[in-house]
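Letter by letter, the chains look like this.
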Amino acid sequence: MTLMTEPAEPASTTTAAAAPAAAAAGPFALEARDVSKHFDGVHALRGAQLAVRPGEIHALLGENGAGKSTLIKVVTGVYAPDGGTLVRDGEEVQFTGVRAANRAGVVALYQELSIIPSISVAENVLLGEQMPSRGGIVSWRSMRQRARVHLERLNQRIPLGMLAGELSPVQQTMVSVARALATDAKVLILDEPTASLTDTEIRELFVVLRSLRDEGVAIVYVSHRLEEVFELCDRLTIMRNGSHITTRDVSASTIDEVISTMVGRDPGSLYPDRGTATEQVTISVSDLQGRRVKDVSFSARAGEVLGIGGLAGSGRSELLRILAGAQKQTSGTITVAGTTVSMRAAVPQMLEAGVALVPEERRSQGVVLGATIRDNIALANIPTVSSAGVVSGARISTIVERGMRDLQIKAHSPRQPVGELSGGNQQKVVLAKMLARRPKVLLMDEPTRGIDVGTKAEIYRLIRQLAAGGTTVIAVSSELPELIGMSDRVLIMHEGRVSGEVDAADADEEVLLSYCYGKADVR
Amino acid sequence: MRMRFTALAAAALAAATVLSGCGGSSGTDAGSGGDGGSGKPFKVIAFTSGNQTPIGAWWVKQVQADAKANGWDLTMIQGDFDFQKMNPQVESAIGQGADAIFDGYTDVASISSIVTAAKDSDIPIFAVDAGTEANDAFALNVTSNQQGIADQTVQEISKQLGGLQGKNVMVIGHDPHPGIRMRASLAEAELKKAGANIAGGSIQKVKSPATGRTEALALVSDYLTANPGGLDAVWVGWDDAALGAAQGVSESGSKAIVTGCDASSEAIAAIQSGTSPLVATVEQPWPSVNKTVEDAILAYQKDGTKPSETFDAVDTTLVTKDNAASITPSDKLGS
Amino acid sequence: MTATPTRNPGIEDTSAGVLAVPRRSLGQRALSGGTVLALVALVLFFFAMRPDVFLTFTNVRNILYQVSILAIIAVAQTVVMVVGDFDLSVAATSSLSGSVAGALLTAGQSVTVAVLAAVAVGLAIGLVNGLLVAYLNLSAFVATLASMTSIVGAAYLVTQGTTLFNFPAGFTQLGQGRLLNIPMPVYLAVLIALVAWAVLRFTTIGRSWYAIGGNVEVARLSGISVRRSRLLAFTVAGLVAGIGGILLAARLGSSSAVQGSDNLMFSVAAVFLGMTVIRSGAANLGGTVIGVAIIGVMSNGLNILGVNSYVQQVVTGIIIIAAVTLSSLKTRSR
């Protein structure tokens, strides 16, 4: 949500004098030349380029934090660039705000900001300045007619009087595309438009986007789903660290090559080398029962990374939650460092015993987005940073500084709200706050969900470092390559039971998958 | 308003602090009373929660003027109906030391913490209209005679209707106000005794004094709609609601008469007009009540004498068309 | 996730299955809420209890008269709540407007001057609220809570804590006069509600208010001038509340600093009840009118049955909860 802070209104377009060298104005609908932008001294964009032709679908690719969203905000007038120029149809332009960009035919559609759910479809198509009215009185009849025309151009038959909030996700996207067309958009920027769509709906969207392309609309398509990009797009631009890396035809590229260009190195080196576990058992579980968990027994040693896999609903996350004291245990025993933990132990007692959980839903369970890095870390460590009920600011500063340094959290200062950080850095904050408790056993549920490739490697390295320092890491993952790559040993769960156990070094995805479906039982 | 109040309270507190600091007076010292000869001014803490009502506002001005004339060192605390704010201020003033405490129109039930603090410091509380019954919280509490008010109004209704036997009378009250609650139940009992039917079976209750007029209006008009011609009289505990009831009566085309209490200028004007169903109200003699209490404080100041009786209920005056012109309206006492 | 709290119960169930939902007629749509059923049930109940009284001309007129001023204040509240804000100062504004009119009349000014000045006071308060919320970015809660406090203080100053009365007939006729045996405030409430409905439904500003209330960012990005629209919404609310206050003073023939203070909670309750009536869950005029009707019918009906007013208050709260729960149950089962 922080992304949509619009500069002060009212906005208006200031068209600078047309670029003198008309010849330089290529056949591009929109061109960003050598754009730079920095925030608080940090370069978000440095020499960014984007050139989109009318009648093409152009993919904009890069890892999280590569500068894609900043670039989009520059070309749609949300941010004013510090350097570089924008050229629209051969004319140099400066957008003073989103509305100025919209009037110039440049429109960006954001997934979560596409429609107004509580008003009708027709109004959603013709919001604001496009609403047909005379003397302040709205003409509903001509509104419906015009909305119908725009939707028909997309081959959509959506009841115009329906509330937009009652439409399916793809229809909502269509309505927002129709609104863009109603403002006579010539450059349409779509940010992750397929995130909440089903396969069939994605097909439907692609048909529409192709037909818009054939009508001469320039489309910029931002997505992490490379398969889609290769199916839909004509050309692609790859960004890294705020800079332009390459622009080329999709037909002349391969997915592997694109990935390595995005990451900037060979993706093979994603996982660090395995370490050697000690003989000392830190946690052992026998006959553990709870919701979705049946008769689970295992043990793990200091310095070991134990991966837990299984299909969604197999009980893998519930197992972690029981171990962390976040879910009730109905029978069985948990022994941490030789001491058996009470059946009724909740999170504080488990933390005390040395078991900490980094939860799956980072944004809802892991961090307080509005609070600062410092406060987030302090939150989980109130007992450690306080004596006799009084919190010590100095002790907080110590653990916060240590956490930020050890985990290399990229932020302006400890006082930056966590919501402003990238997904990877948010995850590091969660880690920092748990590591400050110096856990013997660190539980991680989907440690790299929603994190870009570059930061993933860092998280794996951190996990390995922790293990080398004697911590036991138990990590749940739904991605088999990750499970194999980061772990020493892998347990697979099926319907609440452990259905297989494999040494990661000689694990095979096919075997793991068959355990996931409960097809074999080695025990 | 609030700003002004806060500034005033702060100034009062500051003054109290300075004075006690210089004089080195203590609670026990003050408690002995009668330090007339020592040259130290007699220190009085006065407070009221009702300073936003016309009568409360009049009382504040009157006490301030009288204190000046009597040479009192007065601390006036105005509570805006907010006991949570007022009581601690009064208590902290007590902590600074005082010779007497003067309560205006604040019921004993709302100030038990003040009463305790005063007892601990052995400072007597003198009060105007601070409870409808005798109790040991006050050295003196003078109020108007609720029984008298009920008698006067019920008799007037009886007179105008030619007897009460079989007559339908609605009684409208407001329980959180102790005076209104008491006179309403006295009136109800008297009406019943005289053979009148209480409309709706019991006392009708207004929820908030702020909306008393509209609530009474709706009560009367809804009752008259449900029971056309079903009312001969409406007895209301205070004028503001009585005026609403009177409006309900005339809008419904009923011939019922209405009585109130307080002698507000609006009620007096309605009675004088002769066209309103409101036929009577009651004047409570606040200036003389206040004088009586102040005299008792002066007597205590002189030689430490406390009144022999701690409670007095003074007689009131029934206001009808005949004497309305000669009555000073309760909201015009100061002017 | 979004900055604007979404009040639409229909959003979460956006599944492809909803596609099959056919367009529904206005009548069907209105019946989707339990609130309408609650009103119908209340009317039937009171009618069954007192068939000789409840639906007579006199009593229906009584109900309309009793709710007319609440209806006007609720219109003001509706406009602000359409934009997704709310205004805690509506009742205080109406008291101050009534007090200003009363003070001017008492000082011997003409009815025209008094009424115009009182309207201007309402307008000015609305404008200030709007500036605080739209341009100084205060939350509507804080801004209008603070302005309410000051407005009540100002009303005490204007009335000097007393009740002002003895207004000329030309003024009291506004609140007590009758046309075709129906009191003037009823006509004025209907007129104001109709105008507000038309503004909300048929004007660009009305549609902008709905767009802002639905999703302020989308509205902004679509070229709607969000600040100006919110400013205007609060200004309209202040103006309408001011008119309500004038009518209340005229209806009672008096004005005091606190009169009509219960209109705040009742207006919010009426709008909330009304929000349950339509599918979008947004504030709307038709719904508000139904909400006002529920409150009015409750109070009148219980008075007619002779229910103790303390019990009435408890029952009123329960009915509101029941109506809202009933419609949310329906939403969930969809």
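This structure is a prediction, so every number in the text was calculated from the model and none was measured.

Asker: Can you lay out the overall build of chain B for me, pointing to particular residues and giving the numbers?
Answerer: Scanning chain B from terminus to terminus reveals eleven helices and 13 strands. Across the 335 residues in chain B, those meeting the buried criterion constitute 56%. Residue pairs in contact within chain B that sit at least 24 positions apart in sequence constitute 73% of those at least 6 positions apart. Roughly 13000 Å² of accessible area belongs to chain B as shown, and the carbon and sulfur atoms make up 53% of that amount.

Asker: Break down the sheet that holds strand S4 (residues 125-128) of chain B for me, citing the residues and quoting the values.
Answerer: Residue and element names in this part refer to chain B. If you walk across this open sheet you meet the six strands as S2-S1-S3-S4-S5-S12, and the pairing is parallel. Edge positions in the sheet fall to strand S2 (73-78) and strand S12 (311-314), since each has one partner strand and no second. Taking the axes of each pair of neighbouring strands and ignoring which way they run, one obtains an average angle of 15° across the sheet. Strand direction decides the pairing type here: S4 and strand S5 (residues 140-144), joined by three bridges, are parallel. Across the sheet, residue Ala127 finds its bridge partner in S5, namely Asn141. Strands in contact with helix H4 (residues 83-95) are strand S1 (43-48), S2 and strand S3 (100-104); relative to S1, the strand with the most contacts, it is inclined by about 175°.

Asker: Go over helix H1 (residues 68-75) of chain A, please, and point to the residues and values.
Answerer: Of all eight residues in H1(A), seven are buried, a share of seventy percent or more. Looking one or two places after H1(A), you find A:Gly77, whose phi comes out positive at around 85°.

Asker: Residue-level account of the interface of chain C and chain B, with values.
Answerer: Taken together, the contact pairs 34 residues of chain C with 27 residues of chain B. Between chain C and chain B, a total of about 2500 Å² is buried, with carbon and sulfur atoms accounting for 53% of that surface. When the buried surface of chain C facing chain B is broken down by residue, C:Phe165, C:Leu252 and C:Tyr310 rank first, second and third, together holding 22% of it. One can count one salt bridge joining chain C with chain B. A salt bridge links B:Glu251 to C:Arg251; its shortest N-O distance comes to 2.7 Å. Linking chain C with chain B are eleven residue pairs in polar contact (both at pLDDT 80 or more), by the criterion used here. Put simply, the parts of the chain that give the side of chain C that touches chain B at least two residues each are helix H3 (57-82), helix H6 (140-159), helix H11 (226-252), helix H13 (285-304) and helix H14 (309-333) of chain C. Considering every element that reaches the side of chain C that touches chain B, the biggest residue donor is H3(C), with five residues.

Asker: Describe the packing of helix H4 (residues 90-106) of chain C against H11(C), listing the residues and the values that go with them.
Answerer: Residues and elements named next belong to chain C. Direction vectors running N to C along H4 and H11 enclose 55°, while the axes themselves pass 7 Å from each other. Classified by the angle their axes make, H4 and H11 are oblique. Crossing handedness for the pair H4 and H11: right-handed. Facing Val90, Thr93, Ser94, Ser97 and Gly98 of H4, the residues of H11 in contact are Gly238, Ala241, Gly242, Gly244, Gly245, Ile246 and Ala249. Of the residues in the contact of H4 with H11, the class split is four nonpolar, eight polar and no charged.

Asker: Which residues make up the pattern of salt bridges, and what are the values?
Answerer: Evaluation of the coordinates by the stated rule reveals 32 salt bridges over all chains. With a shortest N-O distance of 3.6 Å, A:Glu304 and A:Arg301 are connected by a salt bridge. Assessed through its relative accessible area of 26%, A:Arg301 is described here as partly exposed. Ionic pairing is found between B:Arg213 and B:Asp240, a salt bridge with its closest N-O pair at 2.8 Å. You can see B:Arg213 sitting in helix H8 (residues 212-226) and its partner B:Asp240 sitting in helix H9 (residues 239-251), a full 27 residues away along the chain. Salt bridges linked by common partners bring A:Glu279, A:Arg301, A:Glu304, A:Arg489 and A:Glu501 together as one network.

Asker: Explain the sheet that holds strand S18 (residues 339-340) of chain A to me, and be specific about the residues and the numbers.
Answerer: All names here are of chain A. With respect to topology, four strands assemble into an open sheet ordered S15-S14-S17-S18, the strand pairing being antiparallel. Each end of this open sheet is capped by a strand with a single partner; those strands are strand S15 (293-301) and S18. Pairing between strand S14 (residues 281-290) and S15: six bridges, direction antiparallel. Following the sheet pairing, Val285 is matched in S15 by Phe298.

Asker: Describe a nonpolar patch on the surface, naming the residues involved and giving the relevant values.
Answerer: A cluster of nonpolar side chains, A:Ile137, C:Val190, C:Leu194, C:Trp197 and C:Phe202, forms an exposed patch at the surface whose accessible area comes to about 460 Å². The greatest single-element share of the nonpolar patch, amounting to four residues, is contributed by helix H8 (residues 184-202) of chain C. Tracing the sequence through the fold places A:Ile137 in strand S9 (residues 137-138). Residue A:Ile137 is classed as partly exposed on the basis of its relative accessible area, which comes to 44%.

Asker: Let's hear about the UniProt feature "domain: Periplasmic binding protein" (unreviewed entry) in chain B: which residues, and what values?
Answerer: Under the local residue numbering, the UniProt record ascribes the feature "domain: Periplasmic binding protein" (unreviewed entry) to residues 58-284 of chain B. Annotated as residues 58-284 of chain B, this span is 46% helix and 19% strand, and its ends, taken at the C-alpha atoms, are 14 Å apart.

Asker: Give a description of the pairing of strand S23 (residues 472-476) of chain A that names residues and reports values.
Answerer: Residue and element names in this part refer to chain A. Most of S23 is tucked away: five of the five residues are buried. Judged by which residues are buried, S23 turns out to be covered on both faces: Thr472, Ile474 and Val476 on one side and Val473 and Ala475 on the other are all buried. Inspection of the sheet shows strand S22 (residues 441-445) paired to S23 by five bridges, in the parallel sense. The residue bridging Leu443 from the neighbouring strand is Ile474, located in S23.

Asker: Break down unusual backbone geometry for me, citing the residues and quoting the values.
Answerer: Located in the positive-phi region is A:Gln408, a residue other than glycine, with phi close to 50°. Looking at the secondary structure, you find A:Gln408 in the loop between helix H14 (393-406) and helix H15 (423-435).

Asker: For the confidence of the model for chain B, give the residues involved together with the corresponding values.
Answerer: All names here are of chain B. Of the residues in chain B, 88% have a pLDDT of 70 or more, and the chain-wide mean is 85. Element-level mean pLDDT values for chain B span from 40 in helix H2 (residues 27-31) up to 96 in strand S9 (residues 233-236). Scored below 50 in pLDDT, residues 1-36 shows 41 contacts in the model against residues more than four places distant or in partner chains.

Rules behind the numbers
- Residues numbered from 1 in each chain as written.
- Chains lettered and ligands numbered in written order.
- Predicted model: local features only at pLDDT ≥ 70, side-chain atom pairs only at ≥ 80, totals over all residues.
- Heavy atoms only, no water.
- Helix = DSSP H or I, 4+ residues; strand = E, 2+ residues; numbered from the N terminus.
- Buried < 20%, exposed > 50% of the residue type's maximum accessible area, 1.4 Å probe, protein only.
- Contact = heavy atoms within 4.5 Å.
- Areas by Shrake-Rupley, 256 points an atom, 1.4 Å probe, with all protein chains shown as cover.
- Pairing = 2+ DSSP bridges.
- Axes fitted to C-alpha atoms, helices over the stretch in contact; angles between N-to-C directions.
- Buried area = accessible area lost by both parts, 1.4 Å probe.
- Salt bridge = Lys/Arg side-chain N within 4 Å of Asp/Glu carboxyl O.
- Polar contact = N/O pair within 3.5 Å; in protein donor to acceptor, adjacent residues only side chain to side chain.
- Parallel < 35°, antiparallel > 145°, perpendicular 65-115°, else oblique.
- Left-handed = near helix turned anticlockwise from the far one by under 90°.
- Nonpolar A, V, L, I, M, F, W, Y, C, P; charged D, E, K, R; others polar.
- Patch = residues over 30% accessible without salt bridge, like charges linked within 9 Å, V, L, I, M, F, W, Y side chains within 5 Å.
- UniProt positions renumbered as here; feature names shortened; annotations may be inferred.
- pLDDT = per-residue confidence, 0-100.

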